Amino acid sequence: MSLLTNVMDHSLDDGYAEAAARKQAEGAGGMPRTLRAKLGLAAGLVLAALVVTVGAAQARIAAPAVAKEREDLIDRIDRETEAADKLESTVDKLRDDVSARQREALRESGGGEQAELVGVLAGAVEVHGTGIKLVVDDAKEASTGGDGDPRETSGFSDTGRVRDRDLQRVVNGLWASGAEAVSINGQRLTALSAIRAAGDAILVDNKPLVPPYTVLAVGDGKKLSTRFQDSADGLYLHALQENFGIRTAISVEDDVRLPAAPSVIVRTAQPRTEKGTS
């Protein structure tokens, strides 16, 4: 009990008590008493106040300049955006003019039904008729792969996303099954069309598309649907649905309408000459 009593009576060590008393006696715990110490403290306070004042003044002076630069940048962006929109409108008009001239040239050179057939196969004219509608969409719980790339080339990685080469197989399967014209999300495909991936987007002729991907094909609807679903590419699409949750829906349509391709560029051309027989 004596130890507990001693601890209660002397909670502070004697050495700490003596040091505190000595420090209080020497005046070390209060304000500086010497003139030199007081001047140093005053100089430090003045310097700190000066730094704060100068910083505030500089910030106040720089604020209008920063705001003006921001407004100038916004105005420049608006002007450039407007100019880009005008250029895009001009490009669209020129494409329409080129397409019209190409269709006219086809009619003049081919003549009659042959010219119309060439225009349909080349994608230079609008088409409509019986066909099928195939909708391909990502899985409901689609996620990115381990490295963040949903279209990595080393396997599907259970991402549940439609890849560019999936659409390539779908389109090639439709052509092989007898489709006369094909479009994806309103983008008409031609012999020069390319389906690629850029990050998370699928590009068709350098135009980004977003799911769901609606593929329209003109042809004999029932036969086209049956042939495609029984083909290797149709079975491939069915396997994606079964194994990875890719959502698909195919239906036969009485009237499918496909627009003309934005521009049909002829890379090379050679006139065909008819040789007579003797």
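Refer to the structure above for everything that follows.
Residues numbered from 1 in each chain as written. Predicted model: local features only at pLDDT ≥ 70, side-chain atom pairs only at ≥ 80, totals over all residues. Heavy atoms only, no water.

**Student:** Which residues make up the overall build of the protein chain, and what values go with them?
**Tutor:** A tally of helices and strands in the protein chain yields 7 helices and 8 strands. Of the contacts made within the protein chain by residues no fewer than 6 positions apart, 71% connect residues no fewer than 24 positions apart. Of the roughly 19,300 Å² that the protein chain leaves accessible, carbon and sulfur atoms contribute 55%. (Helix = DSSP H or I, 4+ residues; strand = E, 2+ residues; numbered from the N terminus. Contact = heavy atoms within 4.5 Å. Areas by Shrake-Rupley, 256 points an atom, 1.4 Å probe, with all protein chains shown as cover.)

**Student:** Before we move on, could you go through helix 5 (residues 164-176) and cite the residues and values that matter?
**Tutor:** With 13 residues, helix 5 extends 18 Å between its outermost C-alpha atoms, agreeing within 8% with the 18 Å of an ideal straight helix rising 1.5 Å per residue. Within the sequence span of helix 5, burial applies to Asp164, Asp166, Leu167, Val170, Val171, Gly173 and Leu174. The positive-phi residue at the C-terminal boundary of helix 5 is Gly178, with phi of around 110 degrees. (Expected span 1.5 Å × (residues − 1). Buried < 20%, exposed > 50% of the residue type's maximum accessible area, 1.4 Å probe, protein only.)

**Student:** Pulling in residues and values, what's your account of the packing of helix 5 against helix 7 (residues 232-244)?
**Tutor:** Following both chains from N to C, one finds helix 5 and helix 7 inclined at 145 degrees, their axes separated by 8 Å at the closest point. Note on packing geometry: the crossing formed by helix 5 with helix 7 is left-handed. For the pair helix 5 and helix 7, the contacting residues are Asp166, Arg169, Val170, Asn172 and Gly173 in the first and Ala232, Asp233, Tyr236, Leu237 and Leu240 in the second. Class assignment for the residues of the contact of helix 5 with helix 7 results in 5 nonpolar, 2 polar and 3 charged. (Axes fitted to C-alpha atoms, helices over the stretch in contact; angles between N-to-C directions. Left-handed = near helix turned anticlockwise from the far one by under 90°. Nonpolar A, V, L, I, M, F, W, Y, C, P; charged D, E, K, R; others polar.)

**Student:** Residues and numbers for the side chain of Asp138, please.
**Tutor:** Position of Asp138 relative to the elements: it lies in the loop between strand 1 (127-137) and helix 5. Arg161 is the oppositely charged side chain nearest to the buried, salt-bridge-free Asp138, at an N-O distance of 4.2 Å. Discounting residues that sit within four places of it in the chain, Asp138 has contacts with Gly160, Arg161, Val162, Pro211, Ile246 and Arg247. (Lys, Arg positive; Asp, Glu negative; His and termini not counted. Salt bridge = Lys/Arg side-chain N within 4 Å of Asp/Glu carboxyl O.)

**Student:** Mind laying out helix 7, listing which residues take part and the relevant values?
**Tutor:** Since there are 3.6 residues in each turn of an α-helix, residues three or four apart along the chain are aligned in direction. When the terminal C-alpha atoms of helix 7 are compared, their 18 Å separation across 13 residues agrees well with the 18 Å that a helix rising 1.5 Å per residue should span. Every buried residue of helix 7 is listed here: Asp233, Gly234, Tyr236, Leu237 and Leu240. Taken down its axis, helix 7 places every buried residue within 160 degrees of arc, on the same side. Among the exposed residues of helix 7, those oriented more than 90 degrees off its buried face are Ala232, Leu235, Glu242 and Asn243. Of the residues flanking the end of helix 7, it is Gly245, one or two places downstream, whose phi is positive at about 80 degrees. (Arc of directions from axis to C-beta.)

**Student:** So what about a negative patch on the surface? Which residues, and what values?
**Tutor:** Taken together, the side chains of Asp85, Glu88, Asp92 and Asp96 present a region of like negative charge at the surface. Considering the arrangement of structural elements, one finds Asp85 in helix 3 (residues 35-110). (Patch = residues over 30% accessible without salt bridge, like charges linked within 9 Å, V, L, I, M, F, W, Y side chains within 5 Å. Charge placed at Lys NZ, Arg CZ, Asp CG, Glu CD.)

**Student:** Go over the pattern of salt bridges with me, naming the residues and quoting the values.
**Tutor:** Opposite charge on two side chains permits them to pair, given that their charged atoms come into close proximity. With the rule as written, the count across this model stands at 5 salt bridges. A salt bridge links Asp233 to Arg169, with the nearest nitrogen and oxygen atoms 3.0 Å apart. With Asp233 in helix 7 and Arg169 in helix 5, this pair connects stretches of sequence that are 64 residues apart. Overall, Asp233 belongs to the buried group, its relative accessible area being 17%. The class for Arg169 is partly exposed, based on a relative accessible area of 32%. With a closest N to O distance of 3.4 Å, Arg257 and Asp255 form a salt bridge. When its relative accessible area of 55% is taken as the criterion, Arg257 is described as exposed. According to the relative accessible area criterion, Asp255 is partly exposed, its value standing at 42%.

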